[in-house]
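Chain by chain, the residues run as shown.
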Amino acid sequence: MTEGKTNWRSMWENLGLDMERHDMLLGVLPEIYKSIYIDAQKNRPEGMGFFEFVVGDIHGIRVSELVKAQEEGKKVIATFCLYIPDEIVIALDAICVGLCGGTNFSNFASEGLLPTNICALIKSSLGFGLGNKCPYYATADLIIGETTCDGKKKCWEIMGQHKPIYVVETPQCKDRPQARAHYIAELKALTKKLEEVTGNKLTLENLKKAMEKIQNKRSQLKRVYDTRKNDPVPISGKDALLVSQIAFYDDPDRQIQMVGKLAEELEERVKDGVGAISKGAKRILISGTPMAIPNWKMHHLIENKGVAIVAEETCTGTRYFESEYEIKGNTLDELIEVLADRYMGINCACYTPNTGRKDDILRQVKEYNADGVILYTLSFCQPYDIEAIGLEKELKKTGIPVLSINTDYSSEDVNQLKTRIEAFLEML
Ligand code: BJ8
């Protein structure tokens, strides 16, 4: 272990990390993890051992795999949004890593570059990169941005001064036929850019294979989520969130294997009536902005009260793996259309209108048998903030208890949140 750590140190130095700040980050993470995941939970599935190992070595083995792959000529492509299809990156024999930041530990580097009223996810992501604290960002050969929210759009301009970046112009009004045509054209332009960067060519065969792989990876996550529809829940929301967060940067083949193994164990637990949280516990659906690793704040606050989070209608939850596709098509163009339709089916608040999200929440309340919904919005995220107001009214109208929470990555509001969550849970 010591030897391994020494090796990582020289790797981090070679990647140009700010070692002092990086040491500080890695110094606090294990403690936070221990208090949230180990001390506060009982009866966790054995299969979580793998994910615990991965998070315990968050900047180690996986980064060394990326460095090794680069030495062998592969490229590392970093993304920040679900609308950038992993399938195209993987088909071109490159590695895709999701880079959203989930802690304000890195904000020192984004201060002075961004106004204060920008969401924590953007501040954190930019801070990690520019502050030389993220080895994934350091390895990235190309960053792919998108035109979703305004904050991200402007963030790409700043990132682009430090790293090669390519921005996909995602449409705003996705229900229009011309929006579909535009997104398809954008995916083709992205393909061209990635072909230049990787030196590989997208073919019908390699794209089909990549689609099978990514679809398989998503379906293993879906299996895990499906087990959460039972009472008792065989896995806590916290653990399920961790699995989902790791899926964004780990090797997809390993994910298929390890998430599949976990799903098998959870399916057995369901048969045997084994729960991670007591049978009959109140059940909460979370809906809102993504929760990038290590943002476990809401899950910890809620599950600490003995209730179960049964699903997340977020990009680090169901939006990531729902909307399966049929891999059919005899030409590359046809397969790209399949991809475009799948991705445009994701209901993100950055679209206007985005009525599908309300339908998703209502469906998931039923499917996961939720007693209430907590709308989770990162402060200063206007699209989700505005949708939360309308959703709160709509859900109340249908008799679904709902609580809307607006927060960031800091711990300053924890006591106030605890009080609000307690009051909400009591009325369920
Ligand atoms: S598909 S949710 S990953 S854009 S960064 S919108 S929190 S103000 S992340 Fe997103 Fe793609 Fe949509 Fe999903 Fe708000 Fe912050 Fe913007 Fe954010």
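Structure first, text after, so check above.
Remember, it's a predicted structure, so these values are computed and weren't measured experimentally. (Residues numbered from 1 in each chain as written. Predicted model: local features only at pLDDT ≥ 70, side-chain atom pairs only at ≥ 80, totals over all residues. Heavy atoms only, no water.)

Peer 1: Describe the sheet that holds strand S5 (residues 283-288), and please don't skip the residues or the numbers.
Peer 2: The strand order across the open sheet built from four strands is S6-S5-S7-S8, with neighbouring strands paired in parallel fashion. In this open sheet, the two edge strands, each paired with only one partner strand, are strand S6 (308-313) and strand S8 (402-407). When strand polarity is set aside, the average angle formed by the axes of neighbouring strands in this sheet is 25°. (Pairing = 2+ DSSP bridges. Helix = DSSP H or I, 4+ residues; strand = E, 2+ residues; numbered from the N terminus. Axes fitted to C-alpha atoms, helices over the stretch in contact; angles between N-to-C directions.)

Peer 1: An account of the pattern of salt bridges is needed here, citing residue identities and associated values.
Peer 2: Scanning the model with the defined rule gives 36 salt bridges in all. Residue glutamate 52 pairs with arginine 44 through a salt bridge whose shortest N-O separation is 2.7 Å. Relative accessible area serves as the criterion here: at 25%, glutamate 52 is assigned to the partly exposed category. The partner of lysine 152 in a salt bridge is glutamate 146, with the nearest N and O atoms 3.3 Å apart. With a relative accessible area of 13%, lysine 152 lands in the buried category. Bridged by salt links that share partners, the residues Lys222, Asp226, Lys229, Glu322, Asp360, Arg363 and Glu367 form one connected network. (Salt bridge = Lys/Arg side-chain N within 4 Å of Asp/Glu carboxyl O. Buried < 20%, exposed > 50% of the residue type's maximum accessible area, 1.4 Å probe, protein only.)

Peer 1: Can you lay out the sheet that holds strand S2 (residues 95-98) for me, pointing to particular residues and giving the numbers?
Peer 2: Pairing in this open sheet of four strands is parallel, and the strands run S2-S1-S3-S4 from one edge to the other. The open sheet has two edge strands, S2 and strand S4 (165-168), and neither has a second partner. The mean angle between the axes of side-by-side strands here comes to 25°, regardless of whether they run parallel or antiparallel. Strand direction decides the pairing type here: strand S1 (residues 76-79) and strand S3 (residues 142-146), joined by three bridges, are parallel. Each bridged residue has a counterpart across the sheet, and for alanine 78 the counterpart in S3 is isoleucine 143. The strands that helix H4 (residues 61-71) touches are S1 and S2; relative to S2, the one it contacts most, it runs at about 145°. In the packing of helix H9 (residues 177-198) onto the sheet, the strands contacted are S1, S3 and S4, and the crossing angle to S4 comes to about 165°. (Contact = heavy atoms within 4.5 Å.)

Peer 1: How would you explain helix H15 (residues 332-344) if you had to name every residue and give the values?
Peer 2: Across its 13 residues, H15 extends 18 Å between first and last C-alpha, which sits within 8% of the 18 Å expected from 1.5 Å per residue. Contact partners of the buried residues in H15: helix H5 (86-91), H9, helix H10 (204-227) and helix H14 (318-321). (Expected span 1.5 Å × (residues − 1).)

Peer 1: Any details on the packing of aromatic side chains? Residues and values, ideally.
Peer 2: Considering all chains together, one arrives at nine aromatic pairs under this definition. On the basis of an interplanar angle of 80° and a centroid distance of 5.0 Å, the ring pair of tyrosine 37 and tryptophan 296 is categorised as edge-to-face. On the criterion of sequence distance, the pair formed by tyrosine 37 in helix H2 (residues 19-38) and tryptophan 296 in the loop between S5 and helix H13 (297-303) is long-range, its members being 259 residues apart. Overall, tyrosine 37 belongs to the buried group, its relative accessible area being 0%. In this structure tryptophan 296 comes out as buried when scored by relative accessible area, which is 2%. An aromatic cluster of three or more residues is present, and its members are Tyr33, Tyr37 and Trp296. Seen from the ring of tyrosine 137, lysine 163 lies directly overhead, with NZ or CZ sitting 5.5 Å from the centre. (Phe/Tyr/Trp six-rings, centres within 6.5 Å; stacked < 30°, edge-to-face > 60°. Lys NZ or Arg CZ within 6 Å of the ring centre and 35° of its normal.)

Peer 1: A description of the side chain of lysine 297 should follow, citing residues and the corresponding values.
Peer 2: Note on placement: lysine 297 falls in helix H13. On the basis of relative accessibility, which here comes to 12%, the residue lysine 297 falls in the buried class. Of the polar contacts made by the side chain of lysine 297, one reaches the side chain of aspartate 413; its length is 2.8 Å. When residues no more than four places from it in sequence are discounted, the contact partners of lysine 297 are Thr407, Asp408, Tyr409, Ser410, Asp413, Val414 and Leu417. (Polar contact = N/O pair within 3.5 Å; in protein donor to acceptor, adjacent residues only side chain to side chain.)

Peer 1: Could you give an account of helix H6 (residues 120-130), naming the residues involved and the relevant values?
Peer 2: Burial within H6 is extensive, with 11 of its 11 residues counted as buried. Within H6, burial applies to Ala120, Leu121, Ile122, Lys123, Ser124, Ser125, Leu126, Gly127, Phe128, Gly129 and Leu130. Buried residues belonging to H6 abut H2, helix H7 (135-139), helix H8 (150-159) and strand S7 (372-378). One or two positions beyond H6, positive phi appears at asparagine 132, with a value near 50°.

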